[in-house]
Amino acid sequence: MNLPTDALDPEVAQLVAGYPCVVTTLVAWGDMDANRHVNNVVYLRYMEHARLHYFGMIGWLDHGTGIGPILAYTDCRFRRPLAYPDDVSIATKISEVGEDRFTMQTIIVSHKLKAIAAEGQQRLVSYDYLHHHKAPLPEVIRQRISEIEGRAGQQSNSQ
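Q: Looking at this model, I keep getting lost on the pairing of strand β3 (residues 86-97). Mind explaining?
A: When strand β1 (residues 21-27) meets β3, the two strands line up antiparallel, connected through seven bridges. Residue pairing for β3: Thr 25 is matched across the bridge by Val 88. Sheet topology note: the β3/strand β4 (residues 101-110) ladder contains nine bridges and is antiparallel. In the sheet register, Ile 90 faces β4, and the bridge partner there is Ile 108. Between β3 and the antiparallel strand that follows it, β4, lie three residues.

Below, the structure written as structure tokens:
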């Protein structure tokens, strides 16, 4: 489920303020492991979900050029355990743009805890899937990132 940030609990909304892409989902029973908390790999899946939503926002899921993003690096700092039942908001922003890559910052916020449960970073490289090599970041994608990130700096309730 994707809720506008103004529909979120005020404490959760404050934590995701400044992130232009916020995706909210429920923590499923099946996300937990034998220790009765969300398995670490699921946090990375949550981050992937928000990353793909951001790609949709900038039009990079169906760009039509054969050039698209490829994940070069990811990390996750686990700050609090998540467990069912809960909802989480995954907030993503781009912190750095290079000639052929960009860096995303992501936080996962627990609605039950009203706190950041994890934070991560992903480095994406622009990749030519037709010719199998790095490619410059398309100008249209660079412009869309700039527009989206610029709006995020001006208002905290963006989706």
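Q: Looking at this structure, how should I read the environment of Pro 138?
A: Secondary-structure assignment places Pro 138 in the loop between β6 (133-134) and α3 (139-154). For Pro 138 and Gly 68, which are 70 residues apart along the polypeptide, the C-alpha to C-alpha distance reads 9.0 Å.

Q: What am I meant to see in the side chain of Ser 126 here?
A: Tracing the chain through its elements places Ser 126 in strand β5 (residues 115-128). The class for Ser 126 is buried, based on a relative accessible area of 0%. When neighbours within four sequence positions are excluded, Ser 126 is seen to be in contact with Trp 60, Ile 67, Gly 68, Asp 100, Lys 134, Ala 135, Pro 136, Leu 137 and Pro 138.

Q: Looking at this structure, I do not really get the packing of aromatic side chains. What am I missing?
A: One pair of aromatic rings is described through two measures. These are the centre distance and the angle between the planes. In this structure the tally under the stated criterion is six aromatic pairs. With centroids separated by 6.3 Å and ring planes inclined at 75°, the aromatic side chains of Phe 55 and Trp 60 adopt a geometry described as edge-to-face. Judged on exposure class, the residue Phe 55 and its partner Trp 60 are both buried. Members of the aromatic cluster, joined through ring pairs, are Phe 55, Trp 60 and Phe 102. Note that Lys 93 overlies the ring of Tyr 19, its terminal NZ or CZ placed 4.6 Å from the centroid.

Q: When you look at the pattern of salt bridges in this model, what are you seeing that I'm missing?
A: A side chain with one charge may pair with a side chain of the opposite charge, provided their charged atoms come close. For the coordinates displayed, the defined rule picks out six salt bridges. Note that Asp 9 is salt-bridged to Lys 114, the shortest N-O span being 3.4 Å. Of this pair, Asp 9 sits in the segment before α1 (10-16) while Lys 114 sits in the loop between β4 and β5, placing them 105 residues apart in sequence. What makes Asp 9 partly exposed here is its relative accessible area of 28%. A residue is classified by how much of its surface remains accessible, and Lys 114, at 31% relative accessible area, is partly exposed. Measuring nitrogen to oxygen at the nearest pair gives 3.0 Å for the salt bridge that ties Arg 77 to Glu 119. Placement of the pair is Arg 77 in strand β2 (residues 67-78) and Glu 119 in strand β5, with a sequence separation of 42 residues. The class for Glu 119 is partly exposed, based on a relative accessible area of 26%. A cluster of three or more residues bridged by salt bridges with shared partners is formed by Arg 77, Arg 79 and Glu 119.

Parameters and conventions
- Residues numbered from 1 in each chain as written.
- Predicted model: local features only at pLDDT ≥ 70, side-chain atom pairs only at ≥ 80, totals over all residues.
- Heavy atoms only, no water.
- Pairing = 2+ DSSP bridges.
- Helix = DSSP H or I, 4+ residues; strand = E, 2+ residues; numbered from the N terminus.
- Buried < 20%, exposed > 50% of the residue type's maximum accessible area, 1.4 Å probe, protein only.
- Contact = heavy atoms within 4.5 Å.
- Phe/Tyr/Trp six-rings, centres within 6.5 Å; stacked < 30°, edge-to-face > 60°.
- Lys NZ or Arg CZ within 6 Å of the ring centre and 35° of its normal.
- Salt bridge = Lys/Arg side-chain N within 4 Å of Asp/Glu carboxyl O.

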